[in-house]
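As a plain string of letters, each chain reads:
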Amino acid sequence: MLSSFFQSPRSVFASAILLRAIFLVYGLFQDAYSPMKYTDIDYNVFTDAARFISQGKTPYARDTYRYTPLLAWFIYPTTWGGNWFSFGKVLFAVGDMIAGWTMFLILRSSMGMSVERALKFSSIWLLNPMVATISTRGSSEGLLGVMVSALLWAVLEKRIRLAGVLLGFAVHFKIYPFIYAASIIWWLDNERMGRSGPKAARADSLAQKLVKFVNRDRLTLGLYSLLTFMILNVVMYLAYGYPFLEHSYFYHLTRIDHRHNFSPYNTLLYLNSSPNAQSSIKLERLAFIPQLLLSTVLIPIVLAKKDLASTMLAQTFAFVAFNKVCTSQYFLWYMMFLPFYLPSSTLLNNRRTGITALTLWVLGQAAWLQQGFQLEFLGKSTFFPGLWSSSIFFFLVNTWILSVILQDVKQKKRLNDREVEINWKRI
């Protein structure tokens, strides 16, 4: 029964659509009858910004709108009233579906999987209740999923111009995808792109190595991504002025969000959010050093040429785990790479390791959320030791999982189809 289900793309994608439709309808019910709303507060920010645009104003007239104006334009129909308010949620859910389809294409074309296996692994995203919930609550991560998965597909298919456009657009939409540039550029060597030509004498000098490194594909990717990024920014700046730069970019360099933040920096951010904070050394301002060192330098250099998709997973996992602000939506940033990493991973092929990792990851969130609920809804001061210790525990869990991922990609273990199929049935 289960095997026949995964032999049909129509069955899997129809079930994924149905899952999101159920959550959308349930969300309407919960919003109407429960004091705890299903709709994410960010969605109200998005729709308010769209409403200001419809009135001929700037989207930044809405306090806490910290995104590109394009997002508000994308959900402009929410300003038409009536049932159109949920248009953005539907759009984000559709984005989820397109991202899932792109994952399926990559698994089929670039990884050579059968239809059944490709559907099983893409279902990690398509049939994941967490993914469906986040998008149907009104988080825009579904749109980002389309951009990043399409970027990976374009690179693997060696459509470099398209990849450059997608990279530039993704970075404009949400800053963090810039980390992928390092891995993609390192991956695009002449040998991989079939342009190695006749073997020449080994390039020993720095100048020779630099000339060899700066090949046509790397230049093309850099040029198209930079042009796309700059064109979008210039257009948005001409339309909305300095507030566009302030809220879309500069704010994220100094943000001190402490609500719903799983990061170990959470308590520090809370203390420093007070106008009476006297600390001259703000440790959280240095958070970017280990974060960027890992995600944009060390991981790409060591792993990118072994497995690009899994390297992008490791980059994203490190970026999120070490970020000074870490919310549930950010988990989707690395979950979209799981279908490409898991087939030959220790987390899937070693039952004990996989179950332990999943259990600890869920428990880490549950512990934090329990403390956060007492703080925000019951008014109890749980900052220390409860909230702080749960943040540290979750960070340690993520660090351990990251180490497993890094070791897997470094060793690049490949199982044959039969072994992977057996291990999948064990889960």
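Residues numbered from 1 in each chain as written. Predicted model: local features only at pLDDT ≥ 70, side-chain atom pairs only at ≥ 80, totals over all residues. Heavy atoms only, no water.

## Considering the overall build of the protein chain
Filter applied, for reference: Put simply, DSSP H or I for four residues or longer makes a helix, DSSP E for two residues or longer makes a strand, and each gets a number counted from the N terminus. When a residue's accessible area, from a 1.4 Å probe over protein chains only, is under 20% of the maximum for its type it is buried; when over 50% it is exposed; and in between it is partly exposed. Any two residues whose heavy atoms approach within 4.5 Å are treated as being in contact. Here the accessible surface of atoms and residues is derived via Shrake-Rupley with a 1.4 Å probe, and residues count as covered only by protein chains that are part of the display.
When helices and strands are counted, the protein chain shows 22 helices and 0 strands. Across the 427 residues in the protein chain, those meeting the buried criterion constitute 50%. The contacts in the protein chain between residues at least 6 apart in sequence include a share of 72% that link residues at least 24 apart. Taken as a whole, the protein chain presents about 21,000 Å² of accessible surface, with 65% of it coming from carbon and sulfur.

## Some remarks on the pattern of salt bridges
Selection rule: Criterion for a salt bridge: a side-chain nitrogen of Lys or Arg within 4 Å of a carboxyl oxygen of Asp or Glu.
Applying the stated criterion to the full structure yields 8 salt bridges. With its nearest N and O atoms 3.9 Å apart, the salt bridge here joins Asp31 to Lys89. Within this pair, whereas Asp31 is found in helix α2 (residues 9-33), its partner Lys89 is found in helix α5 (residues 87-109), the two being separated by 58 residues in sequence. Each of Asp48, Arg51 and Arg62 takes part in one network of salt bridges that share partners.

## Points about the side chain of Thr228
Mapped onto the secondary structure, Thr228 falls in helix α12 (residues 216-240). Residue class for Thr228 comes out buried when judged on its relative accessible area of 14%. In contact with Thr228, not counting residues within four places along its chain, are Gly164, Val165, Gly168 and Phe169.

## A word on the UniProt feature "transmembrane region" (unreviewed entry) in the protein chain
Keep this limit in mind: UniProt positions are given in the numbering used here, feature names are shortened, and annotations may be inferred rather than shown by experiment.
The residues that UniProt annotates with the feature "transmembrane region" (unreviewed entry) are residues 12-29, 84-106, 140-156, 163-188, 221-245, 286-304, 316-342 and 383-406. Secondary structure content for residues 140-156 is 94% helix and 0% strand, while the C-alpha to C-alpha distance between its ends is 25 Å.

## Digging into the packing of aromatic side chains
Going by this rule: Two rings from Phe, Tyr or Trp (for Trp, the six-membered ring) form a pair when their centres sit within 6.5 Å of each other. Planes less than 30 degrees apart are called stacked, planes more than 60 degrees apart edge-to-face, and all others tilted. Whether a charge sits over a ring depends on NZ of Lys or CZ of Arg being within 6 Å of the ring centre and within 35 degrees of the ring normal.
Summed over the entire model, instances satisfying the criterion amount to 34 aromatic pairs. Taking the centre distance of 5.3 Å and the plane angle of 85° together, the rings of Tyr43 and Phe85 count as edge-to-face. With Tyr43 in helix α3 (residues 41-54) and Phe85 in the loop between α4 (69-74) and α5, the pair connects residues that are 42 residues apart, well separated along the chain. With a relative accessible area of 33%, Phe85 lands in the partly exposed category. Taking the centre distance of 5.2 Å and the plane angle of 80° together, the rings of Phe322 and Phe395 count as edge-to-face. Here Phe322 is found in the loop between α16 (308-321) and α17 (328-335), whereas its partner Phe395 is found in helix α21 (residues 383-411), with 73 residues between them in sequence. A single burial state applies to Phe322 and to Phe395, both of which are buried. Taken together, the aromatic side chains of Tyr43, Phe46, Tyr60, Tyr65, Tyr67, Phe85 and Phe92 make up a single cluster linked through ring pairs. Across from the ring centre of Phe52, 5.2 Å away, lies the NZ or CZ of Arg51, which sits over that ring. We note Lys305 situated over the ring of Trp186; from NZ or CZ to the ring centre the distance is 4.1 Å.

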